[in-house]
Amino acid sequence: MTGLLPRIHSPADVRSLPESELPRLCEELREEIITVCGRVGGHLGASLGAVELVVALHRVFHSPQDSILFDVGHQAYAHKLLTGRRERMGTLRQAGGIAPFLDPRESPLDALAAGHSCTAVSAGLGMLEGKRLMGRTGHVVAVLGDGALTGGLSFEGLNNAGGSHLPLVVLLNDNQMSISANVGAIPALLRTREARAFFEGLGFTYLGPVDGHDLGALLKALREARNSSRPVVVHAMTQKGRGFPPAEADVQTRGHAMGPYEWRDGKLVRSRGGQRTFSEAFAAALDDAMAVDPRVVVVTPAMLEGSALVDLKARYPDRVHDVGIAEQHAVTFCAGLAAAGARPVCVIYSTFLQRAFDQVVHDVCLPGLPVLFAVDRAGLVGADGATHQGTYDLSSLRALPGLALMAPVVGEDLAPLLAAALAAPGPSAIRFPRGTLPGMPPELHAAGTSPVQGARWLLRAAAPRLTLVALGPLALAALEAARAEPGWSVLDPRWVSPLDEPALLEAAACGHVVVVEEGTTRGGLGSAVLELYAAQGCSPRVRLMGMPDAFIPHGDARAQRAELGLDAAGMRRAGRALLEMGR
Ligand SMILES: Cc1ncc(C[n+]2csc(CCOP(=O)(O)OP(=O)(O)O)c2C)c(N)n1
Ligand SMILES: CC(=O)[C@@H](O)[C@H](O)COP(=O)(O)O
Ligand SMILES: [Mg+2]
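Just so we're clear, the structure is a prediction, and the values are computed from it rather than from any experiment.

When the UniProt feature table is mapped onto this chain numbering, "binding site: thiamine diphosphate" (unreviewed entry) sits at His74, Gly115, His116, Ser117, Gly147, Ala148, Asn175, Phe244 and Glu327. A maximum C-alpha distance of 31.4 Å shows the annotated residues, which cover 254 residues in sequence, to be distributed over more than one spot. Given 19 C-beta atoms within a 10 Å radius, His116 is considered partly exposed. Note that Ser117 resides in the loop between helix H5 (77–82) and helix H6 (120–133). C-beta crowding within 10 Å serves as the criterion here: with 27 such atoms nearby, Ser117 is assigned to the buried category. Setting aside residues up to four positions removed in sequence, Ser117 forms contacts with Asp71, Val72, Gly147, Ala148, Gly151 and Ile325.

Below you can see the structure in the form of structure tokens.
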């Protein structure tokens, strides 16, 4: 018997199937998602839980005339499979392949470009209003998870939508999970009868709760929602990871995001590498700091798992706070903690910190409060692509008066930098990348990891011709490059703000400086160095290397580094070209 999926190229094909075939279609979608994720990894749990929702949505709504907006987009693999991308799904999250989330540039059936959470209601309402303004018809459905209801932006949208009386359909995919178990009062309220009163109080018609795996019930509720002339919430209860026993059994995340896996002798084998990550090393340093200083508290906006804080939370349940997908709140909550005398550490991905920039400026830096931002996933992140690259933390944080900004080269740098940050009277940030810890090269052993004040020479040429000023782990590639080039020195600036000005002026004395950072070159470390040289009337030849003025898509981070010249070979090429210019 041939499958149904190969015959489905668009939502119209889903609509043309007899309703009795839909359960089989769901089964095939699950099999395909499990197979694809096994090969290439991905957001398995959420996508498995949303299979029936996706099928029912495409059955009831006619996209692209109707717009279906998936919050984040990590739950929408079934949507990708039903919208002409099945044959390319094996390229998911790889360079040039199918995108990790949804993007209208990949398919006109992706109504919303996303990757960050809590945007669907606002964008959906805007689309509905935009269609009205442009004289276009078509329904709009915002599909969001219970996790998205921990974020303020969703509520800004719900407030506006409920007051607008426009017929926005909100499909609430309630699986009781964010990445970890969901947190706070609102998810708890969703489990009670108050859910109806809550949404009705906000101006919505409430339909549910419906079993989100019961196609009949879903189709009925969605048809009713489609026919409504006012805002509607359809509350669907789903199971994250459904249909894949290892995900269903994973109490931590229900298989939220999994690396490639395979079955051997009936058992699932995951290749996790086993090496320690920067996040894990930072969490270990935090553990030590918390043991000796009871003022230290840790705050994460819904990234306990990714930031390796699960064990720390178990050890210090009252001093590690998961505040939900609420970056703005996380930062201002830290400001309050600091104002009360605590030493808060806000562990936050670089890309998600973007959402809380004003809170960093207004609530933390302006009053000069001692909040430490542990900026995880700084730089290239790989398969999550453009929405998740840690591109802007250096250039945005560097601009803030009084904020000390530091970067470790190796894991051994983390504890001394953390100690320095916790001892500082004002705000500070330590940025570190996604991925495993590098080894400690002999030059770093010699230079040492403390004291941490100022820059650190990792290699000093006897007759210097060029200095590589390289931030974070890129200093290791700089060392490799410089070892092969006579007359090249390597300076690890360690602090982007305040800059170690004497060391950077010394770096310029040889006449040629290459500044390397994993962040946008617009306004980052390189710009800071150029500003210093301009202010001091010092004019070496300078080349800036970093992330370009463009959004970098999904791909292998290591390969992308090489493409951008952020490896030893690229630094050698750049340095040589700079020296050539001087001839
Ligand atoms: C602004 C922002 N913060 C954090 C994340 C990381 N993140 C991605 S999915 C997710 C959980 C979302 O939970 P929910 O909306 O309930 O969807 P589910 O995964 O349960 O289907 C989180 C925290 C993000 N994508 N965007
Ligand atoms: C969808 C989302 O935002 C997260 O699941 C993210 O993909 C996690 O990234 P890490 O794998 O780097 O923790
Ligand atoms: Mg959820």
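Following the structure, the description resumes.
Close to ligand 1 lie 22 residues, the nearest being Ala46, Ser117, Gly145, Gly147 and Ala302. Here the shell around ligand 1 is built from residues that sort into 9 nonpolar, 9 polar and 4 charged. Viewed by domain, the shell around ligand 1 spans two of them, domain 1 (5–264) and domain 2 (278–431), each represented by three or more residues.

What follows covers the site of ligand 2. His43, Val72, His74, Ile179, Ala257, Gly306, Arg377, Val381, Asp384 and Arg434 make up every residue found near ligand 2. Its residues assigned to classes, the shell around ligand 2 comprises 4 nonpolar, 3 polar and 3 charged.

This next bit is on the sheet that holds strand E12 (residues 404–406). With mixed pairing, 7 strands are arranged side by side in an open sheet as E9-E8-E10-E11-E13-E12-E17. Among the strands making up the open sheet, the edge pair consists of strand E9 (320–322) and strand E17 (495–497). Each strand axis lies, on average, 20 degrees off the axis of its neighbour in the sheet, ignoring direction. Alignment of E12 against E17, held across 2 bridges, turns out to be antiparallel. By the bridge assignment for E17, Met406 is matched with Trp495. Each of strand E8 (296–300), strand E10 (343–349) and strand E11 (372–376) touches helix H12 (residues 278–292); the most contacted strand, E8, lies at about 150 degrees to it.

The two faces of a sheet get side chains in turn, since along a regular strand they alternate between them. For strand E5 (residues 232–237), a buried count of 5 out of 6 residues is recorded, marking the element as mostly surrounded by other parts of the structure. Pairing analysis gives 6 bridges linking strand E3 (residues 169–174) to E5, with the strands arranged parallel. Directly across from Val169, in E5, lies its bridge partner Val232. For the crossover from strand E4 (residues 205–211) across helix H10 (residues 215–226) to E5, the handedness is right-handed.

Quick look at the packing of helix H20 (residues 474–483) against helix H24 (residues 568–581) now. Contact geometry of H20 with H24 gives a least axis separation of 8 Å together with a crossing angle of 60 degrees. The pairing of H20 with H24 is recorded here as oblique in orientation. By crossing handedness, the relation of H20 to H24 is classed as right-handed. Each of Ala477, Ala478, Glu480 and Ala481 in H20 lies in contact with H24, whose residues at this interface are Ala568, Met571, Arg572 and Gly575. Tallied by class, the residues present in the contact of H20 with H24 amount to 5 nonpolar, 1 polar and 2 charged.

This next bit is on the UniProt feature "domain: Transketolase-like pyrimidine-binding" (unreviewed entry) in the protein chain. Under the feature "domain: Transketolase-like pyrimidine-binding" (unreviewed entry), the UniProt entry names residues 276–440. Secondary structure content for residues 276–440 is 38% helix and 16% strand, and the end C-alpha separation is 14 Å.

Our focus in this paragraph is the pairing of E11. Burial within E11 is extensive, with 5 of its 5 residues counted as buried. Along E11, one buried face is formed by Leu372, Ala374 and Asp376 and the opposite face, lined by Phe373 and Val375, is buried too. Sheet topology places E10 next to E11; 5 bridges connect them, and they run parallel. Of the residues in E11, the one forming a bridge with Cys346 is Phe373. Where E11 lies against strand E13 (residues 428–431), 4 bridges are found, and the strand directions are parallel.

All right, on to unusual backbone geometry then. Here the residue pair Gly208 and Pro209 is connected by a cis peptide bond, since its omega of 0 degrees sits within 30 degrees of zero. One non-glycine residue with positive phi stands out, namely Val72, at about 65 degrees. Note on placement: Val72 falls in the loop between strand E1 (67–70) and H5. Judged by the 25 C-beta atoms lying within 10 Å of it, Val72 is buried. The backbone of Arg494 sits at a positive phi, close to 60 degrees, despite the residue not being glycine. If you trace the backbone, Arg494 turns up in the loop between strand E16 (488–492) and E17.

Conventions and cut-offs
- Residues numbered from 1 in each chain as written.
- Chains lettered and ligands numbered in written order.
- Predicted model: local features only at pLDDT ≥ 70, side-chain atom pairs only at ≥ 80, totals over all residues.
- UniProt positions renumbered as here; feature names shortened; annotations may be inferred.
- Buried ≥ 20, exposed ≤ 12 C-beta atoms within 10 Å, placed from the backbone.
- Helix = DSSP H or I, 4+ residues; strand = E, 2+ residues; numbered from the N terminus.
- Contact = placed C-beta atoms within 7 Å.
- Near = placed C-beta within 6 Å.
- Nonpolar A, V, L, I, M, F, W, Y, C, P; charged D, E, K, R; others polar.
- Domains from an automatic or database assignment.
- Pairing = 2+ DSSP bridges.
- Axes fitted to C-alpha atoms, helices over the stretch in contact; angles between N-to-C directions.
- Right-handed = clockwise from strand over helix to strand, strands pointing away.
- Parallel < 35°, antiparallel > 145°, perpendicular 65-115°, else oblique.
- Left-handed = near helix turned anticlockwise from the far one by under 90°.

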